[in-house]
Amino acid sequence: MSAPAKAKTIKGETGDWEIVIGMEVHAQVLSESKLFSGASTRFGADPNSQVSFVDAGFPGMLPVINEKCVEQAVRTGLGLKAQINMSSIFDRKNYFYPDLPQGYQISQYKNPIVGEGEVLIDLKDGETIPVGIERLHLEQDAGKSLHDQHPDSSYVDLNRSGIALMEIVTKPHMRSSEEAAAFLKKLRAIVRYLGTCDGNMDEGSMRADVNVSVCKIGGYEEFRRTGSFKTLGTRCEIKNVNSMRFIAQAVEYEARRQVDLIEGGGTVVQETRLFDSRAGETRSMRSKEEAHDYRYFPDPDLLPLELDPAWVEAIRASLPELPDEKKARFMALGLSAYDAAVLVSERETADYFEAMLAAGAEAKAAVNWLNNEYFGRLNKAGLAINDGPVSAKANADIVAMVAEGLISGKIAKDVLDIEWETRTGDPRAAIVEARGMKQVTDTGAIDAAIEAVIAANPDKVEEVKAKPKLAGWFVGQVMKQTGGKANPAAVNAALKVRLNLPDEG
Amino acid sequence: MAASNDLISMTLAQARDALRDGKVSSRELTGAFVSAIEAAKPLNAFITESGEQALKMADASDQRIAKGEGGALEGLPLAIKDLFCTRGTRTTAASKILGEFVPPYESTVTQNLWDAGAVMLGKTNLDEFAMGSSNETSFFGPVFNPWRANDSNANLVPGGSSGGSAAAVAADLCLAATGTDTGGSIRQPAAVTGRVGLKPTYGRCSRFGIVAFASSLDQAGPMTKTVRDAAIMLKTMASVDAKDSTSADLAVPDYEQLMEGSIKGLRVGIPKEYRIDGVPAEIDALWTRGADWLKAQGAEIVEVSLPHTKYALPTYYIVAPAEASSNLARYDGVRFGYRAADPKDITDLYERSRGEGFGAEVQRRVLIGTYVLSAGYYDAYYAKAQKLRTLIARDFTSAFDQCDVLLTPATPGPAFAIGSKTADPLEMYLNDVFTVTVNLAGLPGIAVPAGLTANGLPLGLQLIGKAFDEGTLLRAARAVEEAADFKHSPAKWWSV
Amino acid sequence: MSVDKDTVRRIARLARIAVPEARIAPMADELNGIFQWVEMLGEVDAEGVPAMTSVAAQKLKWRKDEVSDGGQADALTQNAPDSEDHFFIVPKVVE
Ligand SMILES: [Mg+2]
Ligand SMILES: [Zn+2]
């Protein structure tokens, strides 16, 4: 077990305080149709065009569960290393709101489909800490009320009504805004690897409620030791914080507010707050102040959700390699924890990196190249890795050319710039062409260069005979001798004959 | 062509055979019912009459029959409780709050009927949202029982909540009708109108498209003139429906065939807890007579115990309102139905639309349901009631170790006068005392007319079966029907 | 447990039903009558008895993940008391 998170303290007038953070994340399930109806989940359709009478709460309509949504919840639970509950119950959460057509949300209350699990979060310094998952449950999303269409009216669109959500609840195991953001980032990576949620925060596919409290130094340790919440402060829930950056801002602001409040003689009241991203502050949500009494009870239109253990095992067997496993594999290739974590944070990035390795690039050189050169260019251009102009093969070639000594690191950047513009997909050929260099395949010229290198390095000849893998050094030297014009394959072949090296098996 | 009175007094089975044999056309038959309904306005059995549409459906049936293509109910005119959503025909649940709601969809049960060729005469009156035992809570006014006592002209209730359907069947305004039964709403009105009412096993008929009252208790079923007609109707009404998660995945058997045959050796349980203080001696006597009839036909009578019977009614009055309070939250004046005038904000819109749109009994039950689910009361009421349901269901399971069907009274008395029980909700609730246990346990039950009171009002007996054993239930019901030989019909005082 | 007038007001508010002030006291009486009657359930020791989750002895039906519904904004809004451009319209909701 890893050590609990280190506290990031805030200074108050009466001493230091620690922040304690828990999160509730609503992640929209990737599925074609809704949780309990056959209407489409596609984003951005015309108002009320993707609504069944079930989603609109019409008389006599009944819910029928979508097997894909159950599967996605189980898949996510397995990805969170969590307990899968073979029997769970759908409950009704009753309240009135114009975008809640049935007058209740079908959710899971006492018996969720997924129980306790754990997510490892990766911090900037390369440290990894565990955050406990309390539960994951399935529920319906609400519709959308538009308040800016008319001065006196709100307009209700139910396209989103009934789409499946996974509500993922953490334990209060995060202790700084950085950790909170890192958690969300990691969770997002996991669900995207799993293909259970697209993680698109702009379209609201992932929405986080952040619970923040403060306590005196030691209070958290005591909580971890005893499991009792008594030593933690009263928490406030900040609703719908919809970007990583806002999460950090909201946490910082809210923790400071609570410390100031307590030190000024006040008490924190448990309430729901809203993060105003323009003002950079949290505010009490007046509309939510009315005491809620959701009157949960098991939905009589649905029977208990029973899972077949064999079905769950089949899902487990089909899980892809997840970020933590991929990260461990990358670290075994010599990458640092930090580099590996950055690469695996997006599945596409990890895939790109692996394509470079497959094209012959060396791992450490490849990650340095990406970190120092390519990612920066992508960022500047606002491009995602799969939309960038340079293929993994092309970047691998550039990295290999540097390793071969064919080009210098400085030239490599120029080659990248050229490739960025020209998109040839073959920078090796392109750079040779651009510099007016013709590759030498004339074996006479190559043989001459080989002889020169051998003559100058008799000791290396003995070494390479003992360790044929060192032939690469000779290739590099011969390339140098020919001013980079020799064809590396031809050099390789000639060297093998000259030094009497075995074929690679 | 037969005289119109002969047409409308046929049983469903007789009409089916007459149509098949070409002795009558569906148009003639349907026309006779449309006229009868027109003449029966004083009964207030229908909320919406759809005579024109009925005649069109009848013509289409006649064409299919001519081609030899008819379905199981081809050309047979039926009445539909106005709790079933019917595409293009106003559906009200007898509530102001549904306003002029016209469903753009059809309930599965009614779709099954139309697919089998049946003709819809109209939508029958009921207690508002099926909440009542006398059909007096309808926004469209009470239904009058076609029966009157032979010593009085007082208007009587037809029972509830399927009071309109019961009255329509009893007054020959349709061949058969659909009902729904949450605590007795098919069996109780059938009993007090001298007709047959069958509540199938929970899950036998789809609930899709039926305005929900209490989801774990609601079940659709037929209201008919004979046990055979109930078997015929159920065969078509029941189905396996992918649109209802609680509908049973069991093939629908041929009930008309299962109904046939002797009851020799059938074990009939008499639950001793159904002898209740204050129930008229006539009811007790009828019950004993019923047992004797079955014994005379070879059945074995066994006394059984259902120890938690007395808790069924209070259990029901927690569970049903709790579910109703949630089911009726969708009537909020936003997407369909009634909206209060000039709401000043959204809360005002909700509170006044619902305050003005729901009648007194519905409001009372929604408040009861809200209360028993609210924080601090859930365990004492709702959770406790759901445990009681388990105990009640277990009672039946052990009773059915000793017997195949149970025989009980259907109601604690005959039809009563309009307005005589509306002052005290508790007194009204007691009408369901014999029927409600069956809903709590999800079992099938049937009311069969068995005799008349001294002043000429019908009384029924109830039979209760094992889950999905409607076949045996119908066979036993047929035995009671034959022995009772109930041939009475109400005098047609309403169409003078 | 006795239902007083404030309780009636509270649950009426939760249920979003406007109950006229004159009906509050009679409603409290009616509910008290019913709840006193229901108190008889207290006689039963149901300790350890599982709550009934469903009377239907069968498995929950699952459906395939297919788009089979929607595309009916007209039918959806045709019964609405107030609608425009296929939106349902309500008095302005303040967040
Ligand atoms: Mg939550
Ligand atoms: Zn949620």
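Here is what the cut-offs are and how they apply
Residues numbered from 1 in each chain as written. Chains lettered and ligands numbered in written order. Predicted model: local features only at pLDDT ≥ 70, side-chain atom pairs only at ≥ 80, totals over all residues. Heavy atoms only, no water. Helix = DSSP H or I, 4+ residues; strand = E, 2+ residues; numbered from the N terminus. Buried < 20%, exposed > 50% of the residue type's maximum accessible area, 1.4 Å probe, protein only. Lys, Arg positive; Asp, Glu negative; His and termini not counted. Salt bridge = Lys/Arg side-chain N within 4 Å of Asp/Glu carboxyl O. Contact = heavy atoms within 4.5 Å. Buried area = accessible area lost by both parts, 1.4 Å probe. Polar contact = N/O pair within 3.5 Å; in protein donor to acceptor, adjacent residues only side chain to side chain. Nonpolar A, V, L, I, M, F, W, Y, C, P; charged D, E, K, R; others polar. Pairing = 2+ DSSP bridges. Axes fitted to C-alpha atoms, helices over the stretch in contact; angles between N-to-C directions. Parallel < 35°, antiparallel > 145°, perpendicular 65-115°, else oblique.

Residues and elements named next belong to chain B. Summarising the element assignment, R475 is placed in helix α17 (residues 470-484). Notably, R475 is buried but unbridged: the nearest opposite-charge side chain belongs to D469, and the N-O separation is 6.8 Å. In this structure R475 touches L258, M259, E260, G261, S262, I263 and L266, once residues within four positions along its chain are discounted.

With that settled, the discussion passes to the environment of F358 of chain B. With respect to the helices and strands, F358 of chain B occurs in the loop between α12 (346-357) and α13 (360-373). Taking relative accessible area as the criterion, F358 of chain B reaches 3% and is therefore assigned buried. Through-space distance from the C-alpha of F358 of chain B to that of D342 of chain B is 18 Å; in sequence the pair is 16 residues apart. Sequence-distant contacts of F358 of chain B, that is, excluding residues within four places in its chain, are made with S95, I97, E128, F129, L328, Y331, S353 and Q363 of chain B together with I17 of chain C.

This part covers the interface of chain B and chain C. Taken together, the contacts link 66 residues of chain B with 51 residues of chain C. Buried surface at the junction of chain B and chain C, summed over both partners, amounts to about 5,000 Å²; 70% is from carbon and sulfur atoms. Among the residues chain B hides against chain C, the three largest losses belong to E351, L367 and Y371 of chain B. Together they make up 14% of the total. Taken together, the connections running from chain B to chain C amount to four salt bridges. Between R364 of chain B and E30 of chain C there is a salt bridge, with its nearest N and O atoms 2.8 Å apart. Connecting chain B to chain C are 20 residue pairs in polar contact (both at pLDDT 80 or more). The set of elements that each furnish at least two residues to the side of chain B that touches chain C consists of α11 (312-327), α12, α13, α14 (379-402), α15 (425-429) and α16 (436-441) of chain B. Among the elements that make up the side of chain B that touches chain C, the one with the highest residue count is α14 of chain B (11 residues). Taken together, the residues of the side of chain B that touches chain C break down into 34 nonpolar, 16 polar and 16 charged.

As a further point, take the sheet that holds strand β6 (residues 104-107) of chain A. Each strand in a sheet pairs with its neighbour through backbone hydrogen bonds, running either in the same direction (parallel) or in the opposite one (antiparallel). Spatially, three strands are ordered β6-β5-β16 (chain A) in an open sheet, and the strand pairing comes out antiparallel. This sheet does not close on itself; its edge strands, each paired only once, are β6 and β16 (297-298) of chain A. In terms of strand pairing, strand β5 (residues 91-94) of chain A meets β16 of chain A through two bridges, oriented antiparallel. Each residue of the ladder has a partner; that of R92 of chain A, found in β16 of chain A, is F297 of chain A. Relative to β5 of chain A, α11 of chain B is tilted by about 60°, and along the sheet it contacts β5, β6 and β16 of chain A.

Once that is clear, we can look at the side chain of Q108 of chain A. Position of Q108 of chain A relative to the elements: it lies in the loop between β6 and β7 (117-122). Beyond its immediate chain neighbours, meaning those up to four positions away, Q108 of chain A contacts S88, I89, F90, D91, I113, R135, H137 and L138 of chain A.

All names here are of chain B. One can describe the packing of helix α2 (residues 12-20) onto helix α8 (residues 227-237) by two numbers: an axis separation of 8 Å at closest approach and a directional angle of 65°. Regarding the angle of α2 to α8, the classification is roughly perpendicular. Between α2 and α8, the contacting residues are L12, A13 and R16 on the first element and R228, D229, I232 and M233 on the second. Class assignment for the residues of the contact of α2 with α8 results in four nonpolar, no polar and three charged.

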